[in-house]
Number of protein chains: 2
Amino acid sequence: MSASSETPIDETLSAGDEASKAVSKKAAKKEAAKLEKLRRRQEAAAEAAISSLNVEDDPLSANYGDVPLSDLQSKEAKDVANWTQVGSLTGELKDKYVILRGRIQTIRAVAKKMAFLVVREKGFTVQCVVSEQPELVSRQMVKYVVGLSRESIVDVEGVVSVPNVAIKGATQQVEIQVRKVYCISKAMPSLPINIEDAARSEAEIEKALQAGEQLVRVNQDTRLNYRVLDMRTPANQGIFRIQCQVGTIFRQFLLSEGFVEIHTPKLIGGSSEGGASVFRLDYKGQPACLAQSPQLHKQMSICGDFGRVFEIGPVFRAEDSFTHRHLCEFTGLDVEMEIKTHYYEVMDIVDRLFVSMFDSMNQNCKKELEAIDKQYPFEPLKYLRNTLRLTFEEGIQMLKDAGVEIDPLGDLNTEAERKLGRLVLEKYGTEFYILHRYPLSVRPFYTMPCHDNPTYSNSFDVFIRGEEIISGAQRVHVPEFLAERAQACGIDVKTIETYIDSFRYGAPPHGGFGVGLERVVMLFCGLNNIRKTSLFPRDPQRIAP
Amino acid sequence: MSASSETPIDETLSAGDEASKAVSKKAAKKEAAKLEKLRRRQEAAAEAAISSLNVEDDPLSANYGDVPLSDLQSKEAKDVANWTQVGSLTGELKDKYVILRGRIQTIRAVAKKMAFLVVREKGFTVQCVVSEQPELVSRQMVKYVVGLSRESIVDVEGVVSVPNVAIKGATQQVEIQVRKVYCISKAMPSLPINIEDAARSEAEIEKALQAGEQLVRVNQDTRLNYRVLDMRTPANQGIFRIQCQVGTIFRQFLLSEGFVEIHTPKLIGGSSEGGASVFRLDYKGQPACLAQSPQLHKQMSICGDFGRVFEIGPVFRAEDSFTHRHLCEFTGLDVEMEIKTHYYEVMDIVDRLFVSMFDSMNQNCKKELEAIDKQYPFEPLKYLRNTLRLTFEEGIQMLKDAGVEIDPLGDLNTEAERKLGRLVLEKYGTEFYILHRYPLSVRPFYTMPCHDNPTYSNSFDVFIRGEEIISGAQRVHVPEFLAERAQACGIDVKTIETYIDSFRYGAPPHGGFGVGLERVVMLFCGLNNIRKTSLFPRDPQRIAP
């Protein structure tokens, strides 16, 4: 199908459809073939004619062209208000002269006298018509526009018109009758991935395949290699705007509850919380590593009397995990707070924080969620007004009742977590719940054991759609006991001496939790890979771009 | 002066003052000495008596004591609302029975029957009176309280009373007539630094010295070694709450202007922006380093069509700088945005963002600023409603006119920056201004040269009190030119290939800036050392705690 054999406005196609009703299918086919031949001949002739057109000969040549670099080096400060945002183009601007800046999403030539551009800005698109007109638009200008490459950035000037049929190929229901086009930045003619390929859903690919058409499927690795292009798809624009929203709600909620935002160091001496999965480095001759979490320092800030703190920052895990939900670097949302009597106080914060976060996303990110759903269909998250809380023992019992063989004092593996998620959904109608009182042996050394049974601990995990997103607990605030627990867990107490010392100057009972930002977005949106919710993901095999 | 020779309420001291008027100085001295002797004898006797007191013999023993750990392991969930915050204690609560949790700031015994506790919570303090009373408060309880160590955490229960004189030793103008005291967490009896020493201003030390008294001066390094204690001073509580406020305003302002918050990786292949000052590490067998800034990735996000982005996160500099204003790890506030025509658009954001930030701090952080000012006196920042903008050439001219010898195409050194700051303050009455059009040779390779003179660049620095806090510029968005500039600056283009490639798919003209969070707080508050505004600072010699 050549670009010129169709016009982007649907009315023409519809008119064609109606006409075809009058003639037999066969006759129509013959007629079409004849027309097609004619059209090709005309095209060839036009192409020959057009290729001999010279910009130099065009008295209207000032109306189009590539903007020289020197004009883009802050030569003249113009009012930003001169530009109209594509997203704000409506019928109210009919007959107004506007200037837009955006990317060329598609270019379609119609014969040699006309071209349709779809221009995209921040996810909004508008159809622009470049049509030869005496004294206004030259044939050379049409030629220039047709020669532009997709994804190039252009300034388009023209008059807003309102067609009397719906425009399907663009978000905005107006057209621009183009008077001037200037190219600000040229994309290379052949892109490593095309945005429309990258934006395609699995369903579309399947549907086309059934119709005998093989469409390009861009795999995850290729997407990440050309992340800058991949980011431009509507789904990705939505995903990272939602990520921003999660961080914003997290902060706003906690600030309103009297928490203070802190920034703890990522470069730390010794070996963080122990274990093999740390990135080590040389710090001016001293052995150092990257913090696996702000755990120790956020607790120290509680000892420093900030009462309630939170942090948003990178955490580093040198684990060799090649799963859909592990990254070597991700964004941690961390909370730590004094408690008066019980770790339920921490769970109360989790409960209210996340319910308000989910509410806010559903209310304020409709457009983004729709864009994601279009490429990666998902069901909205089911959650209760008051978050369900089950003990670990209750969880184990549910699994046992369902016939799952399981160690009642071991950690839940991914499979068991998923199964429990399904059971909880069936029984309680929620995909978001808290599981608490984990066995002490599966939790870090700084976890407070239960008062009535030291086999269990004052800890909890939180799940979305059967996958863990939060880990939290009351902490041990007694230095001697903390040292004892560290030793019992095989940690060299010397390497965490300053941390343990922090509790010798009077330490309030406290608890907290950590959340993986990328996981929250992935699971809220029902995505299948955490690499989709990290802008530039880092896994054991990827450290670029 | 023994603790028992004074009562903390000023009325008693005043009464003594008045009585002394009646007798001659000499006689008063004699009388005082006599009384002191008597008091000491009584004290010794009381001490002997009290030391024989046993808790076991006390029918009121349930009213005080150390809380066993098991009671602090989330044994029973009590309503947090049972506790009254120290900061909300006012005369309106007169005769009410309240429960408080806080730290013991000071303990003063009066004879053997009475003790005054000052209890601190989140910077607020209240005086608590433990006075022997039949059926209510035993002498053993007074003994117990006197034996508690400073900085220990206690639950205090008692009745609110309102003394008819001002209380100078505490922020709240009520007293608690204590009925019960339970120690939640004991501080070690002898602390490495005392909070009152750490909270002392230089002026107080000087004043005492002139009166012949040597007070403890806690030096910066000792503070940092025991940061958890140091954090508890009113000034430090203020500093880090202001730091939180700066981050909050930064975010709120940018979100309201359509910016998206992003998180870029800190682990990157190659060598970041080049130069020697990077921390290198091994990433699963590949050479990697810690990002010196989110520069490359935030620009790539602009190429990915996010339009306007910002990031708050750690940046790493392995520089051997031992100055008052350099750290090896600090919190970067980074901004990047598309521009239509001019880098002034970026400067406009800086201007409005910072003026609104300063306004907000002056309005909403009065208490915090006062606390800082008390220990580290400073003048409020002078700034204009519309931020002053000077070109680099104008700055050089001002320095020259003032007799400073200076290379017109070199970078300004610290001394020249300070001098210019003073000249600008004299001439324009502002301590906050923008200097733009820096020589190209002193800026990074990705800086856009000026359209009219490639010796200069479309770049700017921003100063507070004569010190640089922001660096910004229009960036080169043309890939071939970018590669050329990188090469000219001695950077191996191969190591930044994915970055340069990002501009081959169509790149809008753009610019941005980076701010050091710790510097903003330091300079807004007129502090003399950046280590004061970093919770756990990292410099070439410090990687702990």
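Note that this is a predicted model, so its numbers are computed, not measured. (Residues numbered from 1 in each chain as written. Chains lettered and ligands numbered in written order. Predicted model: local features only at pLDDT ≥ 70, side-chain atom pairs only at ≥ 80, totals over all residues. Heavy atoms only, no water.)

Here we look at the overall build of chain A
Link 1 in the chain: Secondary structure assignment for chain A yields 16 helices and 17 strands.
Link 2 in the chain: The C-alpha radius of gyration of chain A comes to 30 Å, more than 25% above the 24 Å expected for a compact globule of 545 residues.
Link 3 in the chain: Relative to all contacts within chain A whose residues are 6 or more apart in sequence, the contacts with residues 24 or more apart total 70%.
Link 4 in the chain: Put simply, chain A shows about 23000 Å² of open surface, and 50% of that area lies on carbon and sulfur atoms.
Link 5 in the chain: The positive charge centre, built from 68 side chains, and the negative charge centre, built from 74, are 6 Å apart in chain A. (Helix = DSSP H or I, 4+ residues; strand = E, 2+ residues; numbered from the N terminus. Rg over C-alpha atoms; globule rule 2.2 N^0.38 Å. Contact = heavy atoms within 4.5 Å. Areas by Shrake-Rupley, 256 points an atom, 1.4 Å probe, with all protein chains shown as cover. Lys, Arg positive; Asp, Glu negative; His and termini not counted. Charge placed at Lys NZ, Arg CZ, Asp CG, Glu CD.)

Observations concerning the interface of chain B and chain A
Link 1 in the chain: Listed as interface residues are 109 residues of chain B and, on the opposing side, 109 residues of chain A.
Link 2 in the chain: Summed over both sides, the interface of chain B with chain A buries roughly 9300 Å², with 61% coming from carbon and sulfur.
Link 3 in the chain: Summed over the three residues of chain B that lose the most area to chain A, namely B:Lys340, B:Tyr505 and B:Ile543, the buried surface amounts to 9% of that side.
Link 4 in the chain: In this structure, the connection of chain B to chain A is made through eight salt bridges.
Link 5 in the chain: A:Lys284 is the partner of B:Asp320 in a salt bridge, and the nearest nitrogen-oxygen pair spans 2.9 Å.
Link 6 in the chain: Where chain B touches chain A, the interface holds 64 residue pairs in polar contact (both at pLDDT 80 or more).
Link 7 in the chain: Looking at which element gives the most residues to the side of chain B that touches chain A, the answer is helix H8 (residues 234-256) of chain B, with nine residues.
Link 8 in the chain: Here the residues of the side of chain B that touches chain A sort into 54 nonpolar, 27 polar and 28 charged. (Buried area = accessible area lost by both parts, 1.4 Å probe. Salt bridge = Lys/Arg side-chain N within 4 Å of Asp/Glu carboxyl O. Polar contact = N/O pair within 3.5 Å; in protein donor to acceptor, adjacent residues only side chain to side chain. Nonpolar A, V, L, I, M, F, W, Y, C, P; charged D, E, K, R; others polar.)

Topic: unusual backbone geometry
Link 1 in the chain: Residue A:Pro545 is reached from A:Ala544 by a cis peptide bond, and omega for that bond is -5°.
Link 2 in the chain: For A:Pro545, the location among the structural elements is in the segment after helix H16 (517-524).
Link 3 in the chain: In this structure, A:Ser74 takes a positive phi of about 60° despite not being glycine.
Link 4 in the chain: Within the fold, A:Ser74 resides in the loop between strand S1 (64-66) and strand S2 (97-110).
Link 5 in the chain: Its relative accessible area of 4% is what places A:Ser74 among the buried residues.
Link 6 in the chain: Within the chain, B:Asp95 stands out as a residue other than glycine whose phi angle is a positive 70°.
Link 7 in the chain: If you trace the backbone, B:Asp95 turns up in the loop between strand S1 (64-66) and strand S2 (97-110). (Buried < 20%, exposed > 50% of the residue type's maximum accessible area, 1.4 Å probe, protein only.)

What about helix H12 (residues 392-401) of chain B?
Residue and element names in this part refer to chain B.
Link 1 in the chain: Buried within H12 we find Phe392, Gly395, Ile396, Met398 and Leu399. The buried residues of H12 occupy an angular sector of 160° when projected down its axis, which confines them to one face.
Link 2 in the chain: Structurally, H12 contributes buried residues whose contacts are with strand S13 (388-391), helix H13 (414-428) and strand S14 (432-436).
Link 3 in the chain: Phi turns positive, to about 85°, at Gly403, one or two residues after H12. (Arc of directions from axis to C-beta.)

Brief notes about the relation of the copies chain B and chain A
Each of the two chain copies can be brought onto the other by rotation about an axis and movement along it.
Link 1 in the chain: The transformation that overlays chain B on chain A combines an axial shift of 0.0 Å with a rotation of 180°, and the residual RMSD is 0.0 Å. Between the two chains, the operation in question is that of a two-fold axis. Judged by C-alpha distance, B:Leu281 is the residue of chain B that lies nearest the rotation axis, at 2.6 Å. (Least-squares fit on C-alpha atoms with pLDDT ≥ 70 in both.)

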